[in-house]
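One letter stands for each residue in the lines below.
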Amino acid sequence: MPALWPGVERQPLKKLAVDESALLKLLNRWREEAEKAGHRIERIAIAFEAGRDGFWLARWLRARDIEAHVIHASSVAVSREHRRAKTDRLDTELLKRAFLGWLRGERDHCKMVAIPTLAQEDAKRPNRERESLVGEQSRIVNRMKAALARLGIRGFNLKLKKAVERLDGLRTPEGEPIPPNTLAELKRDMERRRLVRSQIRDIEGTRLERLEQALGEGPHVMVRLLARVIGVGVETADMLVQEVLSRNLRDRRAVARYGGLTGAPDESGKKRREKGLARSGNARVRRGMIQLAWRFLMFQKDSALARWFYARTKNAPQTRKTMIVALARKLLITLWRLVREGVIPEGIVLRPAS
């Protein structure tokens, strides 16, 4: 942890364990040294790189009147040499220089991450947990299908309620029953799948209860409004609101950029080419919006956005996959305007208000 203090010539570099009390004690000690040198400290600004520890430290410091910032890791420019020295000391010095430039008002030195409240972070957990459980359910089903395929058994529906009871009656092409170890493995996997399905239903049920109980709260109002758009379900609406639409984004460009739906041009001299989507945005929003764009074409065929897509791809069907990303970007901006300004998009059909 490098530091700069007025009146103190040395630039201390202190390595600390994960201990917020020790950090606060160190900051107070440095403040006292500066005051002994004749400089009254009225503002302490501290920054650290975003990581898996989240934002609890920034909230903790701000609650104690210390200005805390979280630096976006990929926004700090590094040397482009093929081999370069990289140590903790060099990394902290690089972050310090970037932070000092940002404090001077040179915004391009680095980018700061918006620090959410504890309630905002917690509101994202049901959707993210459900996404993880759905992935786990798919992995379990695929593992069971692979186990049966190794035995030559095909066409058996593993998702049936009575699938466990029917396992004992299955026979391989040689006429043999399922071997005992494989049979036990399949039954354990089916039990896991039932548990995962039960947890998914609990999450979905709790979300619906919460929407019914908190009709007038900001994020819930946005979810209910989005869910009125035919083709947008409650799950998708909740993901979009919690991940992107409830954030204080500046304009439509910021919305598209945060959603990870902007391009990555590569231009140098006469060279002009696109390298595909910039992967700096929110991957959950990007995946969800591309899926929603295909679904939108099914349920909102008469909307202006759907007509725009069909007109652009009518004579060039090979561009559908490319243009669906452009449609997803336009759709995200349209939904952002819907929940922020109440602008109903042209041709989009809404469900009756409940």
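Look up: the structure comes first, before these words.
Residues numbered from 1 in each chain as written. Predicted model: local features only at pLDDT ≥ 70, side-chain atom pairs only at ≥ 80, totals over all residues. Heavy atoms only, no water.

**Quick notes on the packing of helix H7 (residues 180-213) against helix H9 (residues 234-245)**
Stage number 1. Two elements in contact, H7 and H9, have axes separated by 11 Å at closest approach and are oriented at 70°. On the basis of their axis angle, the class for H7 and H9 is roughly perpendicular. The segment H7 lies against H9, with Arg-207, Leu-208 and Leu-211 engaging Val-234, Glu-235 and Asp-238. (Axes fitted to C-alpha atoms, helices over the stretch in contact; angles between N-to-C directions. Helix = DSSP H or I, 4+ residues; strand = E, 2+ residues; numbered from the N terminus. Parallel < 35°, antiparallel > 145°, perpendicular 65-115°, else oblique. Contact = heavy atoms within 4.5 Å.)

**A word on the packing of aromatic side chains**
Stage number 1. If you walk through the whole model with that rule in mind, you get three aromatic pairs.
Stage number 2. Aromatic pair Phe-99 and Trp-102: ring centres 6.3 Å apart, planes at 15°, arrangement stacked. Taken together, the residues span about one helical turn, with Phe-99 and Trp-102 both in helix H3 (residues 88-103) at a distance of three residues. The two residues Phe-99 and Trp-102 agree in class, both being buried.
Stage number 3. Here Trp-294 and Phe-309 contribute two aromatic rings whose centre-to-centre distance is 6.5 Å and whose plane-to-plane angle is 80°, an arrangement assigned as edge-to-face. Taken together, the positions of Trp-294 in helix H11 (residues 283-299) and Phe-309 in helix H12 (residues 304-313) put the pair 15 residues apart, joining distant regions of the chain.
Stage number 4. Residue class for Trp-294 comes out partly exposed when judged on its relative accessible area of 31%.
Stage number 5. For Phe-309, a relative accessible area of 0% translates into the label buried.
Stage number 6. Taken together through their ring pairs, the aromatic side chains of Trp-294, Phe-309 and Tyr-310 make up a single cluster. (Phe/Tyr/Trp six-rings, centres within 6.5 Å; stacked < 30°, edge-to-face > 60°. Buried < 20%, exposed > 50% of the residue type's maximum accessible area, 1.4 Å probe, protein only.)

**Things to note about helix H1 (residues 20-36)**
Stage number 1. Spanning 17 residues, H1 covers 25 Å between terminal C-alpha atoms, matching the ideal 24 Å at 1.5 Å per step.
Stage number 2. For H1, the set of buried residues is Leu-23, Leu-26, Leu-27, Trp-30 and Ala-34. The arc that holds every buried residue of H1, seen down its axis, measures 100°, which confines them to one face. More than 90 degrees from the buried face of H1, the exposed residues found are Lys-25 and Lys-36.
Stage number 3. In the core, the buried residues of H1 are packed alongside strand E1 (45-49) and helix H2 (56-62).
Stage number 4. The N-cap residue of H1 is Asp-19: its side-chain oxygen and the backbone nitrogen of Ser-21 are 3.1 Å apart.
Stage number 5. Looking one or two places after H1, you find Gly-38, whose phi comes out positive at around 95°. (Expected span 1.5 Å × (residues − 1). Arc of directions from axis to C-beta. Polar contact = N/O pair within 3.5 Å; in protein donor to acceptor, adjacent residues only side chain to side chain.)

**With respect to a positive patch on the surface**
Stage number 1. Together, Arg-252, Arg-253, Arg-257, Arg-312, Lys-330 and Arg-337 make up a positively charged patch on the protein surface.
Stage number 2. Secondary structure elements with two or more residues in the positive patch: helix H10 (252-258) and helix H13 (320-341).
Stage number 3. Tallying contributions element by element places H10 first for the positive patch, with three residues.
Stage number 4. By the secondary structure assignment, Arg-257 is in helix H10. (Patch = residues over 30% accessible without salt bridge, like charges linked within 9 Å, V, L, I, M, F, W, Y side chains within 5 Å. Areas by Shrake-Rupley, 256 points an atom, 1.4 Å probe, with all protein chains shown as cover. Salt bridge = Lys/Arg side-chain N within 4 Å of Asp/Glu carboxyl O. Lys, Arg positive; Asp, Glu negative; His and termini not counted. Charge placed at Lys NZ, Arg CZ, Asp CG, Glu CD.)

**Quick look at the pattern of salt bridges**
Stage number 1. Tallied over the full model, the rule gives 26 salt bridges.
Stage number 2. Residue Asp-91 is joined to Lys-86 by a salt bridge in which the shortest nitrogen-to-oxygen separation is 2.9 Å.
Stage number 3. Accessibility expressed as a relative area gives 56% for Lys-86, which makes it exposed.
Stage number 4. Between Asp-251 and Arg-250 there is a salt bridge; the shortest N-O distance is 3.6 Å.
Stage number 5. We classify Asp-251 as partly exposed; its relative accessible area is 25%.
Stage number 6. Judged by relative accessible area, Arg-250 falls into the exposed class, the value being 63%.
Stage number 7. Ionic contacts of the salt-bridge type, sharing partners, join the residues Arg-130, Glu-204, Arg-207, Glu-235 and Asp-238 into one network.

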